[in-house]
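# Observations on the model geometry
Listed below are the residues making up each chain.
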Amino acid sequence: GRLLHALISLGYALEADHEDLIIDGLAYMFLAYRPVGEHLELNLDDLASALNSESEPFESRTVLELVQALKDGKRLEGVVDRWVNDKAYVGWGGSFQPRVAVIGDKAGHVLDELLAPLLKNPSLITPFIQDRDEGSEKYKAVLTELFDGIVWLYNEISEYNDESSFILLHGVTSCWSLARVLPLLTSEQRFEAIIYYIRTLLAVWGAKWETYDFKIGTHPLERKFHREFAKIPEFSVPVDHILHSEKEYDEHPTKLVFTCLDRLTSPYFLPVQSENFVTFLKVIAARQYDLLPWSQEPSTN
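Residues numbered from 1 in each chain as written. Predicted model: local features only at pLDDT ≥ 70, side-chain atom pairs only at ≥ 80, totals over all residues. Heavy atoms only, no water.

## Notes on the overall build of the chain
Secondary structure assignment for the chain yields 14 helices and zero strands. Each helix and strand of the chain, ordered N terminal to C terminal, gives the series α-α-α-α-α-α-α-α-α-α-α-α-α-α. Residues counted as buried form 50% of the 301 residues belonging to the chain. By sequence separation, contacts in the chain at least 24 residues apart represent 77% of the contacts at least 6 residues apart. When the accessible surface of the chain is split by element, carbon and sulfur atoms take 52% of a total near 15200 Å². (Helix = DSSP H or I, 4+ residues; strand = E, 2+ residues; numbered from the N terminus. Buried < 20%, exposed > 50% of the residue type's maximum accessible area, 1.4 Å probe, protein only. Contact = heavy atoms within 4.5 Å. Areas by Shrake-Rupley, 256 points an atom, 1.4 Å probe, with all protein chains shown as cover.)

## Topic: the confidence of the model for the chain
Across the chain, pLDDT averages 76, with 72% of residues at or above 70. Of all secondary-structure elements in the chain, the lowest mean pLDDT belongs to helix α12 (residues 236-243), at 56, while helix α2 (residues 19-32) reaches the highest, 92. Here residues 294-301 is modelled with pLDDT under 50, and outside its nearest four sequence neighbours on either side it reaches 21 contacts, counting other chains as well. (pLDDT = per-residue confidence, 0-100.)

## Regarding helix α7 (residues 108-115)
Of all the positions in α7, only Gly108, Val110, Leu111, Leu114 and Leu115 are classed as buried. For α7, the arc enclosing every buried residue in end-on projection is 160°, short of the 170-degree limit, so these residues lie on one face. (Arc of directions from axis to C-beta.)

## Here we look at the packing of aromatic side chains
Enumeration according to the criterion identifies five aromatic pairs in this entry. Their ring planes at 50° and their centres at 6.2 Å tell us that Tyr12 and Phe258 sit as a pair that is tilted. On the criterion of sequence distance, the pair formed by Tyr12 in helix α1 (residues 2-16) and Phe258 in helix α13 (residues 251-262) is long-range, its members being 246 residues apart. Centre to centre, the rings of Phe147 and Phe269 are 4.9 Å apart; their planes meet at 40°, and the pair counts as tilted. Linking Phe147 in helix α9 (residues 139-158) with Phe269 in the loop between α13 and α14 (275-287), this pair joins segments that are 122 residues apart in sequence. Taken individually, Phe147 and Phe269 each receive the classification buried, so the pair is uniform in this respect. Each member of the aromatic cluster is reached from another via a ring pair, and the members are Tyr12, Trp176 and Phe258. (Phe/Tyr/Trp six-rings, centres within 6.5 Å; stacked < 30°, edge-to-face > 60°.)

## Some thoughts on unusual backbone geometry
Glycine aside, negative phi is the norm for most residues, and most peptide bonds take the trans geometry. Of note in this structure, Asp17 is not a glycine but carries a positive phi near 55°. In this structure, Asp17 sits in the loop between α1 and α2. Residue Asp17 is classed as exposed on the basis of its relative accessible area, which comes to 65%.

Here it is in structure tokens:
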């Protein structure tokens with residue numbers, strides 16, 4: 001849990017602009033640090049030179065395609081099964097934490113092989129070089145695609161409505177928190193932060209993929225939503241619903257609601273270009289407090 005919780009804490013502390021919480025968040029980041037695989041050589045100039053000299057066509061991948069490759073390849077499962085019962089990992093509690101620890105310690109090479117096509121993708125590398133050389137903020141395009149893809153993936157897995165979707169929820173809130181941290185970094189640091197963040201997500205999610213049987217399907221921007229779903233209440237209604245709910249309070253769906261709805265106006269991402277995606281974010285927010293059932297899909301009629 002520490003792999004993502006420290007970043008989440010720091011992001012919300014920055015959003016609140018609360019000095020004590022920011023200090024706590026930075027301390028948490030320091031204490032929670034755990035390497036996931038070996039150190040990566042992520043020099044932007046070297047990567048750009050490699051792109052320019054590439055004679056063979058390369059297979060660029062999006063983060064969602066990496067997730068699918070992670071599941072389909074099943075390479076992490078073999079590493080985990082070999083080591084998870086080793087005495088070094090026994091006693092961690094539960095089944096998830098030991099699996100993440102094994103992936104971080106023993107399967108970094110698998111994650112790096114998955115990342116390799118991403119590091120040959122000009123759409124990932126070029127924005128950070130332009131930011132450095134021109135003082136622009138083109139990295140937001142990379143961050144926006146990452147966040148929107150994670151939100152979409154969470155919604156797909158949430159149809160299972162099991163503990164695994166709870167793990168994916170942290171992907172949404174941690175990516176939102178990353179967006180809050182990146183403006184404080186240099187272009188090189190932003191690039192490194194995003195790559196290491198993606199590798200961490202693959203490690204965390206890879207520990208749960210064996211429970212799923214899914215294929216990456218239609219992106220929300222391509223979906224057609226019925227007009228009535230565009231009228232899903234704004235943030236004030238879920239807040240009222242939370243305050244008057246008889247359910248035991250849980251901060252996780254509250255943060256998810258805030259995160260999804262903040263995406264609509266946040267200056268840390270590119271503006272939302274599709275009304276369908278606006279509706280999609282509202283659907284996720286409304287489902288957290290049973291304002292919409294989990295099994296109900298927007299009508300296409």
